Amino acid sequence: MSETTEPRPARAAEGTPSPTEREPRRSTDVARSGSSDVATQEKPRKRVKSERAKAETRLGWMLAGPAFVLMLLVTVYPILQAVFDSLFSFRLTAPDDREFVGLANYGVILTDGVFWYDLGITLLITVITVAVELVLGFALALVMNNAIRSLRGPLRTAILVPYGTITVVSAFAWFYAFDINTGYINSWFSWLPFISEDTAWFGSTAPALFVIMASEIWKTTPFISLLLLSGLAQVPGELTEAAKVDGATWWERMSKVILPNMKAAIMVAVLFRALDAFRIFDNIFIMTNGAYGTETLSLLAYRTSIGRLEIGMGSAVSVVLFLCVILISFIAIKGFKVDLAGRGGGK
Amino acid sequence: MRRSPDRKSRTRASAGLAAAALIATAALSGCAADEGGPPALTWYINPDDGGQATIAQRCTEASGGKYTITTSLLPRDASSQREQLARRLAAGDKSMDIMSLDPPFVPELAEPGFLAPVPENVVAETTSDIVEGALAGAQWNDQVVAVPFWANTQLLWYRKSVAQAAGLDMNQPVTWDQIMEAAKSQDKQLGVQGVRSESMTVWVNALYESQGTSIVENPGASKDEVQLGLDSEAGREAARVIGTIGRDGLGGPGLSTADESASMALFQGDKGSFMVNWPFIWPATEADQPELLDDIGAALYPRMTADQPSAPPLGGIMLGVGANSDHPDLAYEAITCIASVENQAYYFESNGNPPAKKAAFDDPKVREKFPMAPLIRESLDMAKPRPQTPYYNEVSTAIQQRWTPAEAVNENTPADTSEFIGQVLRGERLL
């Protein structure tokens, strides 16, 4: 809360404050004004705009306007419609029985164990997959960053293959690999103590979640590694060189120079993946369809709106899911204390 | 911006205009063709081996230019088919001329008036000489609301060698306890569908109906007045059978994810003994492992008690017409053709889906392909549909959730399921 008025000292190595943390110290208005070059150089707002500035503003609206209107149509409208529908008891196959119930649907959802269990499973999947992906992704980013020039292209392509696979296709591939009838995993790995020919991976919660999370990690680690690679590439070489000259070990260089300078990239990676993981649907839909304790909030919303055709209750679940997503974004942005409106690299 | 006469851009503009003109002409000529030709009926079909598409072609030709039928494929599983059909019908989609409907979903679509009324003459023609189960599945509130196209039923398939070794006389009706005991004594496994899906509702319903009890006692009731027969002695017996198969490992290690195909794979393997499954397994085995056919026999669905006939599960497909279709009369005319004895016999013989019309069972090609055709017909007459209620989806999903995995099913399961369904229908619980 006091971030802009009382900036804390950077946690990075002495003399190398994070660029993203350096800016607010100079001007507390930067974040609010959008921090574009034009904005920082402009005088107070009430000043009369020049003809050129007006023309630029007009052009800006003309260019962005259609996209803005389209965004309103395709995102805001359905959200508002869902909020409105969530106040009714309304079933698609009983159109005449529509009844206003106020917030009763939310009351049912928030007092039902199914919702809290599904929320727990969703958070479990989110936390574990994002944590594992972050570590693996960073390792892959380091490999890509340090690979010799001739190897970089093929290496990046190879690492990107899982991410290029359509999620439903990868979900089927993992399902058929682990399924007790069609799978080969049981016969290949039956020498392991916890796997036998009779292991039913999708028959109970823990093994099913293991496969679901493993497939998720396999599929999206490349994405996180690419984001981290871009962050890694932005760390000024002279900083690491200077730390090296000062006798910093690899770990010290990593923890005190490289990682603090990658904070914005790490935040974006974590936020994007956390939101993605929180909305997980395809993998579970294909592998277990939510059976045996593997249901997440997205699946609950789908099953209520599409399966049961209970538009009112389903909309309420969707709205709750939407609020959760906003909350996660808020926590991530506040938690990392990164100014997303700024210029990231802070050059 | 400077405008300079640019040859390239002029050429591009001309090409663009020409393309636009071409598209417009094509679109207009398309309209003209639509207006001039016979009405095109759309038939939403469930996936099969191409039989429905062929029948659509046959009936288009037989109409003598009165109409054409084009098919549109629905998703693979019955629940997804219902979702798509219900959403389209609720939105007033005019293209819903003919629809292939799974029987348990008929009441849900009939109740809000999504289905066009079946004309008297079509009722008379399509429901005469028909198996009992199919007729029951086509009705809602004592009226025929859909036309039976083909009817399905589960049989008890057995490995002759195992039954013989266990000393079971398969010419006599057998009970669930008998086949469980036989499988156990021979160290074999039973082919049953323990997956959390529609298959589990099919199994549970058959166990209730085989004891003369229904899961929903008053099918036409509103959701506040639905009476469930779940919490009963019959329910505890059904739970005992399913729970024992689960806990004793009689359904194999993959029981909790076993669907019809998985059951068939188990039955065809070394551990195969008895299996309850639809007739498709006969042509499937003939294609995959013809050497097994000599060891496979078929009998009526197992009984719950020795002195009461079983009520085998009923499946199949009904044909419905959307209330918003532009051509309901032509659609019903086309349905009369689709559901003719000849086409039903063709569909059985070519795709393995049994007819609803009794006469189609007498077709020589059918007899050749399915030696057990008379047994299927007998089973269809005894078959009982799944609960007929507009809230079938809630009832079915709750059963699937509470009766899986099989090893966790116990004497409390029926009462627990009954209470849960009541709460869901009253809007007090999430499903």
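The model shown is predicted, which means the values in this text are computed figures rather than measured ones.

> Explain the interface of chain B and chain A here, please?
Buried accessible area, meaning the area lost when the parts come together, often serves as the stated size of an interface. Counting from both sides, the interface comprises 31 residues of chain B and, opposite them, 29 residues of chain A. A combined buried area of about 2400 Å² lies between chain B and chain A, and 55% of that area is made up of carbon and sulfur atoms. One can count four salt bridges joining chain B with chain A. Across the pair Arg91 of chain A and Glu394 of chain B runs a salt bridge, and its minimum N-O distance is 2.9 Å.

> What is the right way to read the UniProt feature "transmembrane region" (unreviewed entry) in chain A from this model?
In the numbering adopted here, UniProt assigns the feature "transmembrane region" (unreviewed entry) to residues 59–80, 119–143, 155–178, 198–218 and 311–333 of chain A. Strand forms 0% of residues 59–80 of chain A and helix 100%; the C-alpha atoms that close the span are 30 Å apart.

> Would you take a moment to explain the packing of aromatic side chains for this structure?
In this description, a pair of aromatic rings is defined by centroid distance and the angle of the planes. A full pass over the atoms with the stated rule returns 29 aromatic pairs over all chains. Judged by centre distance (6.2 Å) and plane angle (80°), the rings of Trp61 of chain A and Phe68 of chain A are edge-to-face. You can call Trp61 of chain A exposed: its relative accessible area is 56%. Residue Phe68 of chain A is classed as partly exposed on the basis of its relative accessible area of 46%. Aromatic pair Trp43 of chain B and Phe149 of chain B: ring centres 6.0 Å apart, planes at 70°, arrangement edge-to-face. Of this pair, Trp43 of chain B sits in strand S1 (residues 40–45) while Phe149 of chain B sits in strand S6 (residues 147–153), and the two are 106 residues apart along the sequence. Look at Phe149 of chain B and you get buried, because its relative accessible area is 0%. Sitting over the face of the ring of Phe88 of chain A, Arg98 of chain A holds its NZ or CZ atom 4.4 Å from the ring centroid. A cation over a ring is seen here: Arg402 of chain B above Phe420 of chain B, with NZ or CZ 3.9 Å from the ring centre.

> What exactly am I supposed to notice about the UniProt feature "domain: ABC transmembrane type-1" (unreviewed entry) in chain A here?
Look at the UniProt record and you will see "domain: ABC transmembrane type-1" (unreviewed entry) annotated at residues 119–332 of chain A. As annotated, residues 119–332 of chain A has a helix share of 78% and a strand share of 0%, and its two end C-alpha atoms lie 18 Å apart.

> Could you clarify how one ought to interpret helix H8 (residues 167–178) of chain A in this entry?
Residues spaced three or four apart along an α-helix point in a common direction, a consequence of the helix completing one turn every 3.6 residues. In this model, H8 of chain A (12 residues) spans 16 Å end to end at C-alpha, consistent with the 16 Å of a helix rising 1.5 Å per residue. Among the structural elements, helix H9 (185–188), helix H10 (205–234) and helix H14 (282–287) of chain A are those in contact with the buried residues of H8 of chain A.

> What's the story with the state of the cysteines in this structure? I'm lost.
One way to say it: the disulfide is the covalent bond shared by the sulfur atoms of two cysteines. All names here are of chain B. Tallied over the full model, the rule gives one disulfide over all chains. A disulfide bridge connects Cys59 with Cys337, and the sulfur atoms are separated by 2.1 Å. On the sign convention where negative means left-handed, the S-S torsion of about -95° between Cys59 and Cys337 marks this disulfide as left-handed. Within this pair, whereas Cys59 is found in helix H2 (residues 51–62), its partner Cys337 is found in helix H13 (residues 328–338), the two being separated by 278 residues in sequence. Cys59 sits in the buried class, given a relative accessible area of 0%.

Conventions we followed
Residues numbered from 1 in each chain as written. Chains lettered and ligands numbered in written order. Predicted model: local features only at pLDDT ≥ 70, side-chain atom pairs only at ≥ 80, totals over all residues. Heavy atoms only, no water. Contact = heavy atoms within 4.5 Å. Buried area = accessible area lost by both parts, 1.4 Å probe. Salt bridge = Lys/Arg side-chain N within 4 Å of Asp/Glu carboxyl O. UniProt positions renumbered as here; feature names shortened; annotations may be inferred. Helix = DSSP H or I, 4+ residues; strand = E, 2+ residues; numbered from the N terminus. Phe/Tyr/Trp six-rings, centres within 6.5 Å; stacked < 30°, edge-to-face > 60°. Buried < 20%, exposed > 50% of the residue type's maximum accessible area, 1.4 Å probe, protein only. Lys NZ or Arg CZ within 6 Å of the ring centre and 35° of its normal. Expected span 1.5 Å × (residues − 1). Disulfide = S-S within 2.5 Å.

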